[in-house]
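So you can see what is in the structure, the chains are spelled out below.
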Amino acid sequence: MTGTQERHILGISGGRDSAALAVHMRQTRPDVPLEYFFTDTGKELAEVYSFLDRLEGFLGRPIARINPDRDFDFWLSEYNHFLPSPRTRWCTRQLKLRPLEHWLEPDLAAGVKVHSYVAIRADEPSRDGYQSTHANMSVHFPLREAGIDRAGVIDLLDSAGVGEPEYYQWRTRSGCTFCFFQQKIEWVRLKREHPEAYEDAKSYEKTALEHGSPFTWSQGESLEDMEEPERVAQIERDFEERRARLLARRRVNPLAGERTLTNDDFYGIDEASAGCVVCHK
Ligand code: SF4
């Protein structure tokens, strides 16, 4: 980067919050010379790319695709075929953060001040852990500052004509097809929506198990076991029962129901612990 001592960057994850942040910035701060970027793991859902195209159409600016110099297969073999997991999340580090650091490194080293805009909403639990990784980088949270919550995010995307990524009809998170943050019901649906991606994940898991990996993609069972018809039926039943329980509780105690139930409630996701701002916002 030449001719400027500042950069303003906004990471698009393929999820709704970061897209809404881009829309919000375009509408309220058109003066900020934002650089949009998307770090592509090479294992994203097809729906993500069509969503990025729609978003680019609204923004009128390209979203830079940052590809890692080394792909998932390279790192998997470096990590001795141990699958990444919530505890050993080498995938985010190597496929999302490392390419971003490379993208910014020369400028940060040259003293350029980098402003990073991050999509934390007003209704989210505090993310105290999120902080700048470099002295020349400062982090901003415009959605939170503007009081924009989940409903506000959806409104922003609707009003911009961008809408939501299609995968939200069957899954709650952006990110890799085989992301281990998926709930069991989402694996079942991945197989239905993208059978080839399920097969791909299954073959990674098989190789990992052959190499002694202690992890399967989903806790406690392999994808091969999970696709057995009886198991699929049970997972679907569990999901429906959970959904019905939550809705019934809402009817019995309407006072407890001020907040609208979301898919995350039905899926049993705790937003503070599941997923991360890099992959899933
Ligand atoms: S989306 Fe999931 S699997 Fe992909 S890099 Fe992020 S945490 Fe890892």
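Cut-offs and rules
Residues numbered from 1 in each chain as written. Predicted model: local features only at pLDDT ≥ 70, side-chain atom pairs only at ≥ 80, totals over all residues. Heavy atoms only, no water. Helix = DSSP H or I, 4+ residues; strand = E, 2+ residues; numbered from the N terminus. Buried < 20%, exposed > 50% of the residue type's maximum accessible area, 1.4 Å probe, protein only. Contact = heavy atoms within 4.5 Å. Pairing = 2+ DSSP bridges. Axes fitted to C-alpha atoms, helices over the stretch in contact; angles between N-to-C directions. Parallel < 35°, antiparallel > 145°, perpendicular 65-115°, else oblique. Nonpolar A, V, L, I, M, F, W, Y, C, P; charged D, E, K, R; others polar. Phe/Tyr/Trp six-rings, centres within 6.5 Å; stacked < 30°, edge-to-face > 60°. Lys NZ or Arg CZ within 6 Å of the ring centre and 35° of its normal. Near = heavy atom within 4 Å. Expected span 1.5 Å × (residues − 1). Bend = angle between axes of the 7 residues up to and from the residue. Salt bridge = Lys/Arg side-chain N within 4 Å of Asp/Glu carboxyl O.

Observations concerning the environment of Ser218
One can find Ser218 in the loop between helix H8 (195-210) and helix H9 (223-226). Judged by relative accessible area, which is 4%, Ser218 ranks as buried. The spacing of Ser218 and Phe180 is 38 residues in sequence and 6.0 Å in space, taken between C-alpha atoms. If near-sequence neighbours (up to four positions away) are discounted, Ser218 is found in contact with Lys184, Trp187, Glu205 and Met226.

Description of the sheet that holds strand S4 (residues 113-117)
Sheets are built from strands paired through backbone hydrogen bonds, the pairs being either parallel or antiparallel. Spatially, five strands are ordered S3-S2-S1-S4-S5 in an open sheet, and the strand pairing comes out parallel. Two strands lie at the open edges of the sheet, namely strand S3 (63-66) and strand S5 (137-140), each paired on one side alone. This sheet shows a mean twist of 30° between the axes of neighbouring strands, independent of strand direction. Sheet analysis places strand S1 (residues 6-11) next to strand S2 (residues 34-39), joined by four bridges and oriented parallel. Paired with Gly11 across the strands is Phe37, a residue of S2. Lying on the sheet, helix H1 (residues 16-28) is in contact with S1, S2 and S4; it crosses S1 at an angle near 135°.

Describing the packing of H1 against helix H2 (residues 46-59)
Between two packed helices, the angle of one axis relative to the other and the distance separating the axes together describe the packing. Closest axis-to-axis distance for the H1/H2 pair is 10 Å, and the angle between their directions is 5°. Considering the angle they form, H1 stands roughly parallel to H2. Contacts from Ala19, Ala22, Val23, Arg26 and Gln27 in H1 reach Phe51, Leu55, Phe58 and Leu59 in H2. Looking at side-chain class alone, the contact of H1 with H2 contains seven nonpolar, one polar and one charged residues.

Description of the packing of aromatic side chains
Note on aromatic pairs: each is described by the distance of the centres and the angle between the planes. One pass over the full model with this rule turns up 13 aromatic pairs. When the ring of Phe74 is compared with that of Trp75, the centres are 5.0 Å apart and the planes differ by 90°; the resulting orientation is edge-to-face. With 4.8 Å between their ring centres and 50° between their planes, Tyr167 and Tyr168 make a pair best called tilted. The two residues Tyr167 and Tyr168 agree in class, both being buried. Taken together through their ring pairs, the aromatic side chains of Phe72, Phe74, Trp75, Tyr79, Trp90, Phe178, Tyr204 and Trp217 make up a single cluster. The lysine or arginine in question, Arg16, covers the ring of Tyr168, its NZ or CZ lying 3.9 Å from the ring centre.

Digging into the site of the ligand
Around the ligand, the surrounding shell consists of Cys91, Thr92, Gly175, Cys176, Cys179, Phe180, Phe181, Cys279 and His280. When contributions to the shell around the ligand are tallied by element, the ones reaching two or more residues are helix H4 (90-109) and helix H12 (277-280). Here the residues of the shell around the ligand are counted per class, giving six nonpolar, three polar and no charged.

Quick look at the side chain of Lys202
Structurally, Lys202 can be placed in helix H8. The contacts of Lys202, once residues within four sequence positions are left out, are Leu223, Glu224 and Glu227.

What about H4?
The first and last C-alpha atoms of H4 sit only 25 Å apart over 20 residues, clearly below the 28 Å expected at 1.5 Å per residue. Along its length, H4 shows its largest kink, about 40°, at Trp103, and proline Pro106 lies within four residues downstream of that point. By the burial criterion, the buried members of H4 are Trp90, Cys91, Thr92, Gln94, Leu95, Lys96, Arg98, Pro99, Leu100, Leu104, Asp107 and Leu108.

Overview of the pattern of salt bridges
All chains considered together, the criterion is met by 21 salt bridges. Its salt-bridge partner being Glu166, residue Arg54 comes within 3.1 Å of it at the nearest N-O pair. Placement of Arg54 in helix H2 and of Glu166 in the loop between helix H6 (150-159) and helix H7 (184-193) is noted, with a sequence separation of 112 residues between them. Arg54 sits in the partly exposed class, given a relative accessible area of 27%. Relative accessible area serves as the criterion here: at 33%, Glu166 is assigned to the partly exposed category.

These figures capture arrangement, not role.
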